[in-house]
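# Structural features, examined
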Amino acid sequence: MKAFRIYYIVPILLAFSLIGCRYAKEDEVFLISYFKNNGEDGLHLAYSHDGLKWEALNNDKSILTPKLSKDKLMRDPCIIKGPDGKFHMVWTVSWGENGIGYSNSTDLNKFGGRFRYSKVLRTIDDTDSAITSNITRIAIRRNLVALLNQFAQYELCFGNQFHVSEDGKNIKSTGFRVSGESDIVYLTDVPNADKKTGILSIVKNLPDGTVRVVAKSAGTVDYEKGEIIVGPLVITSTD
């Protein structure tokens, strides 16, 4: 059995600021995130109606305990509300280790989502002292181990919400061959109108530089869950 690779693009946001939100019933307020002492007890939140006078939430007690890195700190917590309706947060996890923490939640009181630890972002920030924030896109891959010459279906779970471009081509793969087609083919995607799901297609590159669709529907994509269903199809070889 041989593997080919499937990639997608995920945006990582590192530009955060004070946000306005509806926290209490029909009350529109400013919200700020902060840490206390060395950041060992976790995330604190406070709100203000005018941006001058602030009141701590949860009796000034932490609402999320840090668990990442050896130091287990949560310093400089920064929050933004994304277009997906979720609150996304990053923070400094350590004085000495390279990396950041990440979590998301639909409820400001309950940041209990997936934690991520990234040395890549720290490396980017350290390239120049003038960098104070950045928006970085990275490609993440999964290796698919194909059952050659067998009719099969494959499920790939990336564990991250996919970046969605209306033009498609969010999903890419290395080359492989399928039954009934002698040329090397590739996977790509076409988003549905809701931009939450999409269709996988099999395409091949022609000598004149154009792309021909070999199979219009060869699987499905769930952009929100980060899940891909390939097939069922017969893979005869991988590139």
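Small disclaimer: the values here were computed from a predicted structure and weren't measured. (Residues numbered from 1 in each chain as written. Predicted model: local features only at pLDDT ≥ 70, side-chain atom pairs only at ≥ 80, totals over all residues. Heavy atoms only, no water.)

### Focus on the pairing of strand β17 (residues 227-238)
Heads up, the condition is: One requirement defines pairing of two strands: DSSP has to find at least two bridges between them. A helix here means a DSSP run of H or I that spans at least four residues, while a strand means a run of E at least two residues long, and both kinds are numbered starting from the N terminus.
Where strand β11 (residues 151-157) lies against β17, six bridges are found, and the strand directions are antiparallel. Bridged to Leu 156 within β17 is Ile 228. Bridge count for strand β13 (residues 176-178) against β17 is three bridges, and the pairing is antiparallel. For Arg 177, the partnering residue across the bridge sits in β17 and is Ser 237.

### Remarks on the confidence of the model for the protein chain
Where we set the bar: Confidence of the prediction at every residue is given by pLDDT, a number between 0 and 100. Any two residues whose heavy atoms approach within 4.5 Å at even a single point are treated as in contact.
Mean pLDDT over the protein chain: 78, with 75% of residues reaching 70 or higher. The least confident element of the protein chain is strand β2 (residues 19-22), whose mean pLDDT is 43; the most confident is strand β15 (residues 197-205), at 96. Note on residues 7-26: pLDDT is under 50 here. Beyond four places in sequence and across chains, it has 77 contacts.

### Some thoughts on the packing of aromatic side chains
Note the following rule: For Phe, Tyr and Trp, where Trp contributes only its six-membered ring, two rings pair if their centres lie within 6.5 Å, and the inter-plane angle classes them as stacked under 30 degrees, edge-to-face over 60, or tilted in between. Here's how the labels work: a residue is buried when its accessible area is under 20% of the maximum for its type, exposed when over 50%, partly exposed in between, all with a 1.4 Å probe on protein chains only.
Counted under the stated rule, the structure contains two aromatic pairs. Ring geometry for Phe 162 against Tyr 223: centres 6.3 Å apart, planes inclined by 75°, an arrangement best described as edge-to-face. Taken together, the positions of Phe 162 in the loop between β11 and β12 (171-173) and Tyr 223 in the loop between β16 (211-222) and β17 put the pair 61 residues apart, joining distant regions of the chain. As far as burial versus exposure is concerned, Phe 162 and Tyr 223 are alike and both buried. One aromatic cluster is present, formed by Phe 158, Phe 162 and Tyr 223 through successive ring pairs.

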